[in-house]
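Topology and contacts: notes
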Amino acid sequence: MKVLVIGGGGREHALAWKLAQGERVQTVFVAPGNAGTAADPALHNVPLTDPAELADFVAAEKVALTVVGPEAPLAAGIVDLFRARGLRIFGPTQAAAQLESSKAYAKDFMQRHGIPTALYATFTEAAAAHAHVERHGAPIVVKADGLAAGKGVVVAMTAAEAHAAIDAMLGKPGERVVIEDFMAGEEASFIVVCDGRHVLPLATSQDHKRIGDGDTGPNTGGMGAYSPAPVVTPNVHAKVMHEIIQPTLDGMARDGVPFTGFLYAGLMIDGQGQPRTVEFNCRLGDPEAQVILLRLKSDLFEVLMHATEGTLDKVELQWDRRIALGVVMAAHGYPASPRKGDVITGLPVVAGADVEVFHAGTAPQGSQIVTSGGRVLCVTALADSVRQAQQRAVDVVRQIGFDGAQWRSDIGHRAIRH
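Residues numbered from 1 in each chain as written. Predicted model: local features only at pLDDT ≥ 70, side-chain atom pairs only at ≥ 80, totals over all residues. Heavy atoms only, no water.

1. Some points on the sheet that holds strand β3 (residues 43-45)
Operational definition: Whether two strands pair comes down to DSSP finding at least two bridges between them. Put simply, DSSP marks the helices as runs of H or I at least four residues long and the strands as runs of E at least two long, and each gets a number from the N terminus on. Residues count as neighbours in contact if any of their non-hydrogen atoms are within 4.5 Å of one another. Lines fitted to C-alpha atoms define the axes here, with helix axes fitted over just the stretch in contact, and angles between the N-to-C directions of these axes take values from 0 to 180 degrees.
Read across the sheet, five strands follow the order β3-β2-β1-β4-β5 without closing on themselves; strand pairing throughout is parallel. At either end of the open sheet lies a strand with only one pairing partner, and these are β3 and β5 (89-90). In this structure, strand β1 (residues 2-7) lies alongside strand β4 (residues 65-68), joined through four bridges in parallel fashion. Its bridge partner lying in β4, Leu4 is registered against Thr66. Its contacts with the sheet put helix α1 (residues 10-19) on β1, β2 (27-32), β3 and β4, and the angle it makes with β1 is roughly 170 degrees. Against the sheet, helix α3 (residues 51-61) makes contact with β1, β2 and β4, and its axis sits at roughly 170 degrees relative to β1, the strand it touches most.

2. Looking at the pattern of salt bridges
This is how the line gets drawn: Salt bridges are defined as contacts in which a side-chain nitrogen from Lys or Arg sits within 4 Å of a carboxyl oxygen from Asp or Glu. Relative accessible area decides the class of each residue, using a 1.4 Å probe on protein chains only: under 20% of the type maximum gives buried, over 50% gives exposed, and in between gives partly exposed.
Across all of its chains, the model carries 24 salt bridges by this definition. Note that Asp215 and Arg414 form a salt bridge whose closest N and O atoms lie 3.1 Å from each other. One end of the pair, Asp215, is in the loop between β13 (210-212) and β14 (216-219); the other, Arg414, is in helix α14 (residues 413-417), with 199 residues separating them in the sequence. Judged by relative accessible area, Arg414 falls into the buried class, the value being 19%. When salt bridges with common partners are traced through the structure, they connect Arg11, Glu12, Glu71, Glu100 and Arg283 into a single cluster.

3. Let's talk about the side chain of Thr37
Counted only if it meets this: Whenever two N or O atoms come within 3.5 Å, that pair is a polar contact, provided that in protein one can donate a hydrogen and the other can accept it, and provided that, for residues adjacent in sequence, both atoms are side-chain atoms.
Looking at the secondary structure, you find Thr37 in helix α2 (residues 35-39). For Thr37, the side chain forms a polar contact with the main-chain nitrogen of Asn34, separated by 2.8 Å. The contacts of Thr37, once residues within four sequence positions are left out, are His13, Val30, Leu43 and Asn45.

4. Overview of the sheet that holds strand β17 (residues 275-281)
Pairing is antiparallel across the open sheet formed by four strands, whose spatial order is β11-β10-β16-β17. The strands lining the two open edges of the sheet, one partner per strand, are β11 (199-201) and β17. Averaged over all pairs of adjacent strands, the angle between strand axes in this sheet comes to 30 degrees, irrespective of strand direction. Judged from the 10 bridges that link them, strand β10 (residues 186-195) and strand β16 (residues 260-269) form a sheet pairing that is antiparallel. Within β16, the position partnered with Val192 by the bridge is Leu263.

5. Some words on unusual backbone geometry
Cis rather than trans, the peptide bond between Ser227 and Pro228 has omega equal to 0 degrees. Between Asp286 and the following residue, Pro287, the backbone shows a cis peptide bond with an omega angle of 25 degrees. For Pro287, the position within the fold is in the loop between β17 and α11 (288-295). Unusually for a residue other than glycine, Lys62 sits at a positive phi of about 55 degrees. Looking at the element boundaries, Lys62 is found in the loop between α3 and β4. A residue is classified by how much of its surface remains accessible, and Lys62, at 70% relative accessible area, is exposed. Backbone geometry at Asp215 places phi at a positive 55 degrees, although glycine is not the residue there.

6. Some points on helix α10 (residues 234-254)
Heads up, the rule is: What a helix should span is 1.5 Å times the count of its residues minus one. Each residue is assigned a bend, namely the angle between axes fitted to the seven residues that terminate at it and the seven residues that start at it.
Here α10 spans 28 Å end to end across 21 residues, near enough to the 30 Å set by a 1.5 Å rise per residue. Remark: the principal bend of α10, roughly 40 degrees, maps to Met241. Listed as buried for α10 are Val236, Val240, Met241, Ile244, Ile245, Pro247, Thr248, Leu249, Gly251 and Met252. A positive backbone phi angle near 85 degrees is found at Gly256, which sits one or two residues after α10.

7. Thoughts on the nonpolar core
Within soluble globular proteins, side chains that are nonpolar generally end up buried alongside one another. Convention followed: Nonpolar cores are built from buried Ala, Val, Leu, Ile, Met, Phe, Trp, Tyr and Cys residues. Side-chain atoms within 4.5 Å join them into one set.
Counting residues in hydrophobic clusters, the biggest one holds 40 residues, and the most contacted among them are Leu19, Val28, Val193 and Leu304. Mapped by element, the contributors of at least two residues to this core are β1, α1, β2, β4, β10, β16, α11 and α12 (300-309). Considering every element that reaches this core, the biggest residue donor is α12, with six residues. Excluding residues that lie within four positions of it along the chain, Val28 makes contacts with Val3, Val5, Ala16, Leu19, Ala20, Ala42, Leu43 and His44. Listed in part, the 30 residues of the second largest apolar core include Ala96, Ala106, Leu267 and Cys282.

8. Points about the packing of aromatic side chains
For clarity, the cut-off: Side-chain rings of Phe, Tyr and Trp, where Trp is taken by its six-membered ring, are said to pair if the distance between their centres is within 6.5 Å; with planes under 30 degrees apart they count as stacked, over 60 as edge-to-face, and otherwise as tilted.
Considering all chains together, one arrives at three aromatic pairs under this definition. Pairing Trp17 with Phe358 gives two aromatic rings, centres 5.4 Å apart and planes at 75 degrees, and the pair type is edge-to-face. A residue pair is termed long-range when its members are at least 10 positions apart, and Trp17 in helix α1 and Phe358 in strand β19 (residues 355-359) qualify at 341 residues. Taking relative accessible area as the criterion, Trp17 reaches 16% and is therefore assigned buried. Judged by its relative accessible area of 1%, Phe358 is buried. Between the aromatic rings of Phe90 and Phe262, the centroid separation amounts to 5.0 Å while the plane-to-plane angle is 85 degrees, which identifies the pairing as edge-to-face. Placement of the pair is Phe90 in strand β5 and Phe262 in strand β16, with a sequence separation of 172 residues. Judged by its relative accessible area of 4%, Phe262 falls in the buried class.

9. Brief notes about the packing of α1 against α12
The condition is simple: Oblique is the label for every angle not falling under 35 degrees (roughly parallel), over 145 degrees (roughly antiparallel), or within 65 to 115 degrees (roughly perpendicular). For this classification, the nonpolar set comprises Ala, Val, Leu, Ile, Met, Phe, Trp, Tyr, Cys and Pro, the charged set comprises Asp, Glu, Lys and Arg, and every other residue, Gly included, is treated as polar.
One can describe the packing of α1 onto α12 by two numbers: an axis separation of 8 Å at closest approach and a directional angle of 100 degrees. With respect to each other, α1 and α12 are oriented roughly perpendicular. Packed against α1, whose contacting residues are Leu15, Lys18 and Leu19, the element α12 presents Leu300, Phe301 and Leu304 at the interface. Residue classes in the contact of α1 with α12 are distributed as five nonpolar, no polar and one charged.

On their own, these measurements won't tell you what the molecule is for.
Okay, here's the thing in structure tokens:
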């Protein structure tokens, strides 16, 4: 059977790599893909991004299953388009994807269905937003309402930072911000597969958002991740399923927008082990996908076929008991102004059976591979302990080079502390 993965980042490389291992899978297309998917003989890049052209390609090639990686095509309604043409696609509809594409929609939904989250208020007028910050003080969280690729959030530790964030996010007509109470605790990523009624939790993970060692510097889309996340104890896991995930799936169905796809709950877990929802994403996380999929032993193609048939209750997932840890190599100037076109040396890495180098912002240029985005590679390793996995990944990172490369040597430090 043929499969199409839509997207060109590290998450999509990991999805395509895993789907290609499926017993019934002959060919995996990636649209548009990157230099890593181009170099893998099991994968085939397709230079398409337009939804209608992708649907035509899927129909012509008789592709059995399409899997959507990034949030933008979901928010634009690609699932609705494919379904209208009778094409099998895994992901939420445009209406269901509002859980990610609109922070205001998500917060209103959580309030309506009693899902634990921070108290909030929504503003379209800067003056009212500034007055709210004056009343509440800092720390406080300011979020842009629309899609921001994981970066439209400012955790303001001072009122001045909050006011600056409001001015940056509220300038044009139609713009909205959500201002939330600050939640203290430890973050974790809780990702599940949904078929509209049933839910199948994936392995837990935790990513590291800040650019520098010791969680310093600006927020990014994610500088690394590991799985499992020790902060998600069995007790916390049960609470998340019972208080957040199942009520979300039930609430979406009650609202007439059943949710099919990957549902990602970004959690804040307080000192008493009480989880609350920071935000929802309607896709696999990146770089969480890379560590989760490296540990998944089950056939992902079969899992997602069940999900599109509404039969996820018949599936049990098998996991590698070891720890997976991924270190992101980011471009010079990331996250503010990543530079493109730097030549990457040391690829391809022959790193052994338990290390995979997933490409994200890479492009072929003649016989060379160059940087083409903010996050360039995610070096992901399996090992018996977090420290061993960290060492294994870092050893491979050191073999790869490009001008101005940024990476963290302390991914997994919270798990090591646990």
